[in-house]
Amino acid sequence: MNFFLEVLIGGLLSGVMYALVALGFVMIYKASGVFNFAQGAMVYLAALSVVGCIEQGAPLWLAIILAFIIMTLFGIATEKFVLRKLVNQPPIALFMATIGLAFFIEGIAPMVFGSDPRALELGIVDEPLPWVMDNWNMVISKFDLVAAGVAGVLVATLALFFQYTRIGRALRAVADDHQAALSIGIPLQHIWAIVWGVAGFVALVAGMMWGARNGVQFALTFTALKALPVLILGGFTSVPGAIIGGLIIGASEKLAEIYIPPVMQDLFGGNFGGIEGWFPYVLALLFLLVRPEGLFGEKHIDRV
Amino acid sequence: MLSSAAMAAEEQFFPLIDYRVGPYGSNGQAFYGGFIDYLNYVNLKEKGVNGVQMTYEECETEYNNAKGVECYERLKSKAAKSAGPLHTMSTGISYALIDKSAQDKLPLAMMGYGRTDAVDGSVFPYAFPLVTTYQMQASAIVKFIKDKNGGNLAGKKIVYLYHDSAYGKEAIIALEAEASLNKFTLVQIPVAHPGNEQGAQWLKIRQEKPDFVIFWGWGVMNQTALKAAQKVAFPRDKMIGSWWTGSEEDVVPAGDAAKGYMAATWNVSGKQVPVIADIENVVYGAGKGNLQDKTKIGTILYNRGVSAAVLSVEAIRKGQEKYGKGKALTGEQTRWALENLNITDARLKALGATDLLPEIKTSCDNHEGSGKVKIQQWDGAKWVPVSGWIEGNKALIHPLFQASAKQYAKEKGITPRDCSKEK
Amino acid sequence: MLYREAGQFKTTYAADQQLFPIRQDRIGVITLLLVAFLGVPLFASEYWFSAILIPFLIFALAALGLNVLTGYAGQLSLGSAAFMAVGAYAAYNFQLRIEGIPILVSFALAGLTAAGVGILFGLPSLRIKGFYLAVATLAAQFFIVWCLTKFPWLSNNSSSGVISTQKLIIFGHELTTPVEKYLLVLSIVVVMALAAKNMVRSSTGRAWMAVRDMDVAASVIGIKLMPTKLLAFAVSSFYCGVAGALYAFCYLGSVEPDGFSLEMSFKILFMIIIGGVGSIMGSFLGAAFILLLPIFLDVALPFLAGLFGLPFSSATVSHIQITVFGALIMFFLIVEPHGLARLWQIAKEKLRLWPFPH
């Protein structure tokens, strides 16, 4: 039972890490209907900028601010030079353009900041909490708890930003209906630039967390693969969906990795571990069969 | 990218199927940087091998099999006249090139990767898993653990945590053989690619309470494992990795979590090796260094690149003794040379490469030539060797290769050479 | 002038229904085939065959398969490489386990196996749409590759999961040289491309397009969604499966499950988007573009760097390649979002009047 709880909690906490990446996708999809495949690459770029600035001698706080500026400028440039030119194109063309963008980032970021894997020290040691360890003999990582806290703060900030600021309201309006938003005088293109900036910020937070956890390196782009099932499960357009989807995926994936392979081993013989690659996707797929728009996605009504 | 001294009469061409971008790009940069630096070093220091200049051309594969084949085909025609051994540093690409290179008579070196049953040269005349193989390495690691435990592993438990791919699966057969020989329990835990999330695996390891973890990771999986081990408070000095988990690139991003971690290697790091220091003086002094980032000189992978180049150039030397000094070797001639390498400690000393790599003596039925590794430990700043050269259990492992090679020969309809007749 | 279809009257239904109703098209296709079958083998070097032409044809076939599914039936899929893997491993196993089975038969069976798997993974498409479906096809991608690593029987118990393909023997003749392999691949691709061209203009193809444009509307006018969508998955996977078998047998010769990665699925998707979604020709153009561009950059960039004396290190050159590749994809989409096939169409329209524009 102890072990089950340990796995469950560990899974939920990793789920938060997935949700951090998924949030970036949701931001952009919600506001502009673009499935931004480059989100993983943006996480990489953000983490690299922080590490790059630190290597140039900047203290951590300054590096974070500089990285934020880089990400914002990058977001604005993306909107101006790529997306604006593709307005009214089919979604698949926009999707494809973000794949091009991902390659672009993957080439240029290491050219500027160097491609060696590096450590990012945020001053939080990834160790089990001694108190829990002693009393219950369970492993709960300090770092993961901090990450969960950061995710909570991030979501709260985003929620407040959307709910109570002028820009936030405009963003929601654009997300609801581009045409209507335009007609009441909301500058669509500014809004999109802001959205990309916000997505850049989310990528920065995710990049720092993942970077501190596994090192800053090219493989940060793979974090997107962990976020996709979270997205399907939670719905492409829902911020709470991303968080809850992340928790579900994280927990079930860990439990599955522990408990399913032994069963399969009994059935077929051989070693069936390493199911984490596909399990979240199959889970999300099965879930979709019941609810095709995800947990919190908007229900799509077809009109002929 | 040809060497500027390309005007010399004879040139020995090295087709370099390399990679410098993508998930494993930084590994490739250090390895091929070392390789190219040593070729230039030979050119600068002694005007080539008996006057034959070393030249090369690179082709970027991004660690992608299909691109690797394209690169091979592109460089093949240039390698028709003269060719040093091919180094792809990718198991997948090596596999794809095994048949082609044999057909085109170009020798394929697979140092610490690739098709390991090619140790049996009677079936694979053109493939050379030089120095050591995954299986021999796993066996050597077991031996190291055994020595640490007073020569007895009975009743112990060892977890094998591996990248769930051809690379990770190669060693299983050796570990299973060792487990039944030494009566320890082997628990296999695979990690799905890319391995940037190992929470479940490490909780399982915590539950299993193994005496040691043998670890076969690649890329981001390495740092993640070290961090995850810290997360469940598993002592890092009970973790021993393969040589693809034991470079600076693998441990530095994990920060303090890597301290005490051990890994196998077939070459040592550091600039205390005379030839490495000399390369820095001669090649970088002349402004011909291949690395942008000079701090990589002396790292594990850089030195590994140099070791690979040392072996390759020694093969050229050996070949010239037979086929004529001052003449470039064709792929076929290089193949003979690779099969008749005999690099003793005395020779390594003469090269300034004492202890950089183990002694090597190859033959038709042993394309591996050594089977030895050192265990090194990360002290937080550098890799420190903690053992001498340890040889895997050849009597146990080599028959596995022969059996596998025999099956391959049967499937492919290859008639093995008779090694007793090879000279 | 060169491409004017005016004056070509059809007097029989057969003439009206032929695959290429315009005379210039027929001449073009026949010339192209003659060049491909006779001209190329005379002039191309071995490098061209093994490194460019064979992979080009194989990837074009896979792209064609994906184009049937995505371009014609409107179901976005990111699992093409996995279906290629099914084809490759199936062909290997048929050759291995059935004594004396002709290689072409095992290719066809491999395609059918892939089609079966494709139908299985196509089932969710009955309920899920758009990007949700795309991400769901990723499940196929990861699950299939995992299965191939996990069930040793599929790779004949090879300890590493890598398979080495058997000899290519057709009518007792063993194909060894790149030219022979090229001709084999070319014949299969030509037959299958013509079949696809025919299929997409048949009632099946029209049903696919109706579903693509709006599935609710299609079902209202009496198109049964389930068989239509599943057939698209089956045909698409069949093409990918055969492409996978060719990839293993005629190109690499030795494959591991991990080789059929997500990256490869994406590459195939790029091909159809760059080439033209919903165009047979576009699959070929896209495959050529995606395969040749990196090779071109690989050769051209060091040359350019040398020309201008720029001190690029090898690593920088490799990074620039990726950057330029990404930038070109974006640039291309901005300039022509409908792909290379659209450019070809525009060219044809221009040719109608050229060289006398009035």
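Residues numbered from 1 in each chain as written. Chains lettered and ligands numbered in written order. Predicted model: local features only at pLDDT ≥ 70, side-chain atom pairs only at ≥ 80, totals over all residues. Heavy atoms only, no water.

**Re the interface of chain C and chain B**
Link 1 in the chain: Across the contact, 39 residues belong to chain C and 37 residues belong to chain B.
Link 2 in the chain: At the junction of chain C with chain B, the criterion picks out 3 salt bridges.
Link 3 in the chain: For B:Lys76, the salt bridge goes to C:Glu46, with nearest N and O atoms at 2.7 Å.
Link 4 in the chain: Scanning the region where chain C abuts chain B turns up 10 residue pairs in polar contact (both at pLDDT 80 or more).
Link 5 in the chain: Mapped by element, the contributors of at least two residues to the side of chain C that touches chain B are α3 (46–72), α6 (130–150), α10 (225–252), α11 (262–275), α12 (280–307) and α13 (314–335) of chain C.
Link 6 in the chain: Per-element tally for the side of chain C that touches chain B: the top contributor is α13(C), with 7 residues.
Link 7 in the chain: Class assignment for the residues of the side of chain C that touches chain B results in 14 nonpolar, 17 polar and 8 charged. (Contact = heavy atoms within 4.5 Å. Salt bridge = Lys/Arg side-chain N within 4 Å of Asp/Glu carboxyl O. Polar contact = N/O pair within 3.5 Å; in protein donor to acceptor, adjacent residues only side chain to side chain. Helix = DSSP H or I, 4+ residues; strand = E, 2+ residues; numbered from the N terminus. Nonpolar A, V, L, I, M, F, W, Y, C, P; charged D, E, K, R; others polar.)

**Focus: the domain arrangement of chain B**
Residue and element names in this part refer to chain B.
Link 1 in the chain: Domain annotation of chain B identifies domain 1 (9–132 + 273–371 + 401–414) and domain 2 (134–265).
Link 2 in the chain: Centre-to-centre, using C-alpha coordinates, domain 1 lies 28 Å away from domain 2.
Link 3 in the chain: Taken together, the contact pairs 23 residues of domain 1 with 15 residues of domain 2.
Link 4 in the chain: Summed over the three residues of domain 1 that lose the most area to domain 2, namely Tyr-24, Ile-300 and Arg-304, the buried surface amounts to 28% of that side.
Link 5 in the chain: Between the two partners, domain 1 and domain 2, sit 1 salt bridge.
Link 6 in the chain: Its salt-bridge partner being Lys-296, residue Glu-249 comes within 3.1 Å of it at the nearest N-O pair.
Link 7 in the chain: Viewed at the interface, domain 2 and domain 1 are joined by 12 residue pairs in polar contact (both at pLDDT 80 or more).
Link 8 in the chain: If you list the elements that add at least two residues to the side of domain 1 that touches domain 2, you get α1 (25–46), α3 (91–104) and α11 (300–323).
Link 9 in the chain: Tallied by class, residues from the side of domain 1 that touches domain 2 come to 11 nonpolar, 9 polar and 3 charged. (Domains from an automatic or database assignment. Buried area = accessible area lost by both parts, 1.4 Å probe.)

**Examining helix α5 (residues 103–122) of chain C**
All names here are of chain C.
Link 1 in the chain: The end-to-end C-alpha separation of α5 is 28 Å, in line with the 28 Å expected for 20 residues at 1.5 Å each.
Link 2 in the chain: Every buried residue belonging to α5 is among Ile-103, Ser-106, Phe-107, Ala-110, Gly-111, Ala-114, Ala-115, Gly-118, Phe-121 and Gly-122, and all of these are buried.
Link 3 in the chain: Structurally, α5 contributes buried residues whose contacts are with α4 (80–97), α6, β2 (168–170), α7 (178–201) and α10. (Expected span 1.5 Å × (residues − 1). Buried < 20%, exposed > 50% of the residue type's maximum accessible area, 1.4 Å probe, protein only.)

**A closer look at the state of the cysteines**
Link 1 in the chain: Under the defined criterion, the tally for this structure stands at 2 disulfides over all chains.
Link 2 in the chain: The disulfide partner of B:Cys59 is B:Cys71, and the gap between their sulfur atoms is 1.9 Å. On the sign convention where negative is left-handed, the bridge of B:Cys59 and B:Cys71, at about -70 degrees about the S-S bond, is left-handed. Remark: B:Cys71 occurs in helix α2 (residues 65–76) and B:Cys59 occurs in strand β2 (residues 53–60); sequence separation between them is 12 residues.
Link 3 in the chain: Covalent S-S linkage joins B:Cys364 and B:Cys419, the inter-sulfur distance amounting to 2.0 Å. For the disulfide bridge between B:Cys364 and B:Cys419, the dihedral angle about the S-S bond is near -65 degrees, and by the sign convention the bridge is left-handed. Of the two residues, B:Cys364 is situated in the loop between β12 (360–361) and β13 (372–378) and B:Cys419 in the segment after α14 (394–412); the sequence distance between them amounts to 55 residues.
Link 4 in the chain: Assigning the bonded cysteines of chain B consecutive numbers by sequence position, one obtains the connectivity 1-2, 3-4.
Link 5 in the chain: Not engaged in a disulfide, the cysteine C:Cys147 finds its nearest cysteine sulfur in C:Cys240; these two sulfurs lie 18 Å apart.
Link 6 in the chain: This cysteine, C:Cys240, is not joined by any disulfide, and C:Cys250 carries the nearest cysteine sulfur, 16 Å off. (Disulfide = S-S within 2.5 Å.)

**Thoughts on the pairing of strand β8 (residues 212–216) of chain B**
Side-chain positions along a regular strand alternate between the two faces of the sheet.
Residues and elements named next belong to chain B.
Link 1 in the chain: Most of β8 sits out of view: 5 of its 5 residues are buried.
Link 2 in the chain: Examined bridge by bridge, strand β6 (residues 157–163) and β8 share 5 bridges and lie parallel to one another. Bridge pairing links Leu-161 to Phe-215 in β8.
Link 3 in the chain: Relative to strand β9 (residues 239–241), β8 runs parallel, the two sharing 3 bridges. What sits directly across from Val-213, in β9, is Met-239.
Link 4 in the chain: In this region the chain leaves β8, passes through helix α8 (residues 220–231) and returns to the parallel neighbour β9; the handedness of that crossover is right-handed. (Pairing = 2+ DSSP bridges. Right-handed = clockwise from strand over helix to strand, strands pointing away.)

**Some thoughts on the pattern of salt bridges**
Link 1 in the chain: All told, the structure shown has 38 salt bridges over all chains when counted by the stated rule.
Link 2 in the chain: Of the charged contacts in the structure, one is a salt bridge between B:Arg74 and C:Asp298, with a shortest N-O distance of 3.0 Å. Of the two residues, B:Arg74 is situated in helix α2 and C:Asp298 in helix α12; the pairing between them involves two chains.
Link 3 in the chain: Residues joined in a network through salt bridges with shared partners are A:Asp126, A:Asp144, A:Arg213, A:Lys226, A:Glu253, A:Lys254, A:Glu276, B:Glu197 and B:Lys231.

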